Amino acid sequence: MSYSQLSQDVTERYSNVSNFFRSGHIEDIDKIGMYAATSQLQQRANEVRANRVNWQSYLQGQMIDQADYDFIVKLESRASQPEQRKALIDENSSQFVRTILALLARISKEQTVQYILTLLDDLLQEEKQRVELFKAYSQRRRESVWAPFFGMLHRQDGFIVNQASRIIAKIACWGNQLMEHTELLHYLSWLREQLRLPSNEYIQTVARCLQMMLRVGPYRQAFCDIDGIATLASVLSTKVNYQIQYQLVFCLWCLSFDADIVMRMKKYNLIPICADVLCESEKEKVNRIVCAFFRHLLEKPTDSMMVRESAPMVHCKVLKQVELLVQKKYDDPEHEDDLQFLFERLSTSIQDLSSFDEYASELKAGRLEWSPVHKSERFWHENATKLNERNYELLKILVRLLETSKDSLVLCVAAHDVGEYVRHYPRGKTVIEQLGAKELVMRMLTSDDPNVRYNALIAVQKIMVHNWEYLGKQIEDKAKAETGGGGKSGGSQSQQAVKS
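Computed from a prediction, not measured in an experiment: that's the story for all the values here.

**Details of the overall build of the chain**
So, step 1. A tally of regular secondary structure across the chain gives 32 helices and 0 strands.
So, step 2. Relative to its full complement of 500 residues, the chain shows a buried share of 51%.
So, step 3. Put simply, the chain shows about 23,900 Å² of open surface, and 48% of that area lies on carbon and sulfur atoms.

**Remarks on helix α19 (residues 270-280)**
Because the α-helix completes a turn every 3.6 residues, residues three or four places apart line up on one side.
So, step 1. Summarising burial for α19: 8 of the 11 residues are buried, a large majority.
So, step 2. Among all positions of α19, only Leu270, Ile271, Pro272, Ile273, Cys274, Ala275, Val277 and Leu278 are buried.

**Notes on the environment of phenylalanine 134**
So, step 1. Examined against the element boundaries, phenylalanine 134 turns out to sit in helix α10 (residues 131-140).
So, step 2. Taking relative accessible area as the criterion, phenylalanine 134 reaches 1% and is therefore assigned buried.
So, step 3. Taking the C-alpha atoms as reference points, phenylalanine 134 and glycine 175, 41 residues apart in sequence, are found 9.8 Å from one another.
So, step 4. The contacts of phenylalanine 134, once residues within four sequence positions are left out, are Phe96, Val97, Ile100, Leu101, Leu120, Leu124 and Val145.

**Some thoughts on the pattern of salt bridges**
Here the idea is simple: oppositely charged side chains can pair when their charged atoms come close.
So, step 1. If you walk through the whole model with that rule in mind, you get 33 salt bridges.
So, step 2. One salt-bridge network, in which partners are shared between bridges, spans Arg85, Lys86, Asp90, Glu126, Glu127 and Arg130.

**Re the packing of aromatic side chains**
So, step 1. Tallying each qualifying case throughout the model produces 16 aromatic pairs.
So, step 2. Judged by centre distance (6.3 Å) and plane angle (45°), the rings of phenylalanine 71 and phenylalanine 96 are tilted. Separated by 25 residues along the polypeptide, phenylalanine 71 in helix α6 (residues 66-77) and phenylalanine 96 in helix α8 (residues 93-106) bring together distant segments of the chain.
So, step 3. Ring geometry for tyrosine 187 against tryptophan 190: centres 6.4 Å apart, planes inclined by 10°, an arrangement best described as stacked. Within this pair, tyrosine 187 and its partner tryptophan 190 are both found in helix α13 (residues 181-196), separated by 3 residues, close to a single helical turn.

**Observations concerning the nonpolar core**
So, step 1. Membership of the largest hydrophobic core comes to 120 residues, with the highest contact counts inside it found for Trp55, Tyr187, Met213 and Phe294.
So, step 2. Ranked by residues supplied to this core, first place goes to helix α12 (residues 158-174) with 11 residues.
So, step 3. The contacts of methionine 213, once residues within four sequence positions are left out, are Ala169, Ala172, Cys173, Met179, Leu184, Tyr187, Leu188, Leu191 and Tyr219.
So, step 4. The next biggest cluster of nonpolar side chains, apart from the first, holds 38 residues, and it includes Phe356, Leu368, Leu387 and Val431.

**Thoughts on the environment of asparagine 287**
So, step 1. Along the chain, asparagine 287 falls in helix α20 (residues 284-299).
So, step 2. Accessibility expressed as a relative area gives 7% for asparagine 287, which makes it buried.
So, step 3. Here the alpha-carbon distance between asparagine 287 and valine 249, two residues 38 residues apart in the chain, equals 9.9 Å.
So, step 4. With near-sequence residues (within four places) excluded, asparagine 287 lies in contact with Leu278, Ser281, Leu325 and His335.

**Side note on helix α4 (residues 40-50)**
So, step 1. Those residues of α4 not exposed but buried are Leu41, Gln42, Ala45 and Val48. Buried residues of α4, viewed axially, fall in a sector of 115°; they line one side.
So, step 2. Tucked inside the fold, the buried residues of α4 contact α9 (110-126), α12 and α14 (203-213).
So, step 3. Of the residues that open α4, the one with a side-chain oxygen 3.3 Å from the backbone nitrogen of leucine 41 is serine 39.

**Digging into unusual backbone geometry**
So, step 1. Although it is not a glycine, serine 199 sits at a positive phi angle of roughly 55°.
So, step 2. Mapped onto the elements of the fold, serine 199 is located in the loop between α13 and α14.
So, step 3. Given a relative accessible area of 77%, serine 199 falls into the exposed group.
So, step 4. Within the chain, asparagine 391 stands out as a residue other than glycine whose phi angle is a positive 60°.

**A word on the packing of helix α24 (residues 355-365) against helix α27 (residues 389-404)**
So, step 1. Put simply, α24 and α27 touch, their axes get as near as 9 Å, and they point 40° apart. Comparing the axis directions of α24 and α27 gives the class oblique. Seen from above, α24 lies across α27 with left-handed handedness. Side by side, α24 and α27 meet where Phe356, Tyr359, Ala360, Leu363 and Lys364 of the first sit next to Glu393, Leu394, Ile397, Leu398 and Leu401 of the second.
So, step 2. Within the contact of α24 with α27, the residues separate by chemical class into 8 nonpolar, no polar and 2 charged.

**Re the side chain of histidine 416**
So, step 1. Of note, histidine 416 is situated in helix α28 (residues 408-424).
So, step 2. Excluding residues within four positions of it along the chain, histidine 416 makes contact with Trp370, His374, Lys375, Trp380, Asn455 and Lys462.

**Some thoughts on the side chain of serine 39**
So, step 1. In this fold, serine 39 is placed in the loop between α3 (29-32) and α4.
So, step 2. You can call serine 39 buried: its relative accessible area is 4%.
So, step 3. Among the polar contacts listed, one links the side chain of serine 39 to the backbone nitrogen of glutamine 42, at a separation of 3.3 Å.
So, step 4. Setting aside its immediate chain neighbours within four residues, serine 39 contacts Gln204 and Thr205.

**Examining the confidence of the model for the chain**
So, step 1. For the chain, the mean per-residue pLDDT works out to 85, and 83% of the residues sit at or above 70.
So, step 2. Taken together, the stretch residues 1-21 has pLDDT below 50 and engages in 40 contacts with residues farther than four places along the chain or on a different chain.
So, step 3. Contacts for the low-pLDDT stretch residues 303-307, under 50 throughout, to residues beyond four places or in other chains number 7 contacts.

Rules of the game
- Residues numbered from 1 in each chain as written.
- Predicted model: local features only at pLDDT ≥ 70, side-chain atom pairs only at ≥ 80, totals over all residues.
- Heavy atoms only, no water.
- Helix = DSSP H or I, 4+ residues; strand = E, 2+ residues; numbered from the N terminus.
- Buried < 20%, exposed > 50% of the residue type's maximum accessible area, 1.4 Å probe, protein only.
- Areas by Shrake-Rupley, 256 points an atom, 1.4 Å probe, with all protein chains shown as cover.
- Contact = heavy atoms within 4.5 Å.
- Salt bridge = Lys/Arg side-chain N within 4 Å of Asp/Glu carboxyl O.
- Phe/Tyr/Trp six-rings, centres within 6.5 Å; stacked < 30°, edge-to-face > 60°.
- Core = buried A, V, L, I, M, F, W, Y, C linked by side-chain atoms within 4.5 Å.
- Arc of directions from axis to C-beta.
- Polar contact = N/O pair within 3.5 Å; in protein donor to acceptor, adjacent residues only side chain to side chain.
- Axes fitted to C-alpha atoms, helices over the stretch in contact; angles between N-to-C directions.
- Parallel < 35°, antiparallel > 145°, perpendicular 65-115°, else oblique.
- Left-handed = near helix turned anticlockwise from the far one by under 90°.
- Nonpolar A, V, L, I, M, F, W, Y, C, P; charged D, E, K, R; others polar.
- pLDDT = per-residue confidence, 0-100.

As C-alpha cells, this is what we get:
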C-alpha cells in the first residue's frame, strides 16, 4: 500500500486516542498535552505566557496591519473566557490563521516569537480540530502548512525551535490527513538528530513529539526506514534519567504494534538494553512500559518463534525481575496482566530451551558468562557446526564481541568459545581466519587483564594444536602411501616431522 493510500484512512484509525492507548497505565499524550512538570520547555513556557506584547508598537511601526492588530488584541482580551475565545476563532477562522502566520512572518524579535508560538500551541491544545483551520487556509492559498514552522527549526533560540516542533507534531497527528512523505522524512530525521545531540536540554520535548508521531502507523514505518530504532537503542543504552527512559521505551512500544517492525527490531539488541532498564529502574511507570513492550515482542511472533524470541529475555534476567515484580500489588490491572503474561510465557520457554537455544540466546544478548554449555565437551561436539548456520550468523556475533566488548568476562568466554569451535570443527581454523577472529584473539595476548591473556593463550594453543594435528596427519598419510601400508617407519617419520 502506498503512502498516499495509507493516508486515506487516518481519520478512522487514529482520531480516537482510546483506540490506540490502553485505558490503564500507558499515559495519554493528548490529555497531558505533551507536558511534564520537569520539562525545560514547559518551565520556559510559563515565563513566556506571563509576558505581554506591545502590539501597538508593531502597528505604529507598520510591521503588522490593522486587521491583524485588531484580531490579536481581541483574542488576548478573551484569555480568561474560553467560550468567548472559541466563538471569536470559529467566527473568524481565516483571520485567526492569517494573523498568526502574519505575526510569525513579519516579527523577528525572539521574545515576541516565543509568545506567538506558545499562544498557538496552547490554542491547538485547547481544541485539536483547529489544526484543520491551518491546513484549509494553506490549501486555499496553495502554500505549505509546514513551511512557516520548518523554518523555525533552524533558529538559534532553543525554546523557539522546540515550541515550533511541538506545533508541527500536533498538526501532523491531529488532522484528517497525514503529513506529506517528503515533509515527514524531513521532520522525523530532525527529531532523530535532536535525540542524538549531547546534553540536549530539550530532549524531553523531542521525545514527546516522537511519542505522538509514532502512534500513527505510516509514521512508524517511515521512522524505521531512516534507522530511527538504532537511535532509540543508542540513547537508551546511555545513562539517561528515568523520564527519558520511559519516553523512549514508549516509542519502542508504539513501534511494536506493527509485527513487521518487531521483526526488524531483532538486529538492534533492544532486549538487553531494555532488560537493564527494567532491572535497574525503581520507577513503576518505567517498569510498566518496559513490560508492555516485552509483551508485544512475545505476542507478535508466531508460536513457532516464541522460544527463540523469549530466550534472550530469560538470559538477560527478565524472568527473575518479573518474579520480583509480580509479588507486588498494583492499582493498574493491565500492568498486573502484563507481568503475569511475561511470567508464564518465560517460565514455559525455559522448559523448552535446548542447550543450544540457551547458548544462542546468550550469544545474541552479548552477555557471555561461564554457564555450563561453554565447558561441556558434549555440547561442542554436537553443536560446533551449528555456528556455521545462516552464513555463520552466531560465529560472526562471537567475532564482533571479541572486537567490540570492553567486558573482561565476555572476552574470556568468547576467546574460549573460538578455541572450542576450532577444536571441534575440522575447517574451523580457516573460517575464523577469514572472519578475523584469529587476529583478535592474538591481540588479546597483550591485554592488561591476566584472565583475558590466559584465555586468549589457551585459545591460541587450540588453534595451533589443531593446525599441527592436521599437518601431522597429512605427513603420516603421505608416509603410509610411500611405504605401501604405513608400517613403523611411516609412523615414526610423521612423528619426527611433527616434532620438527
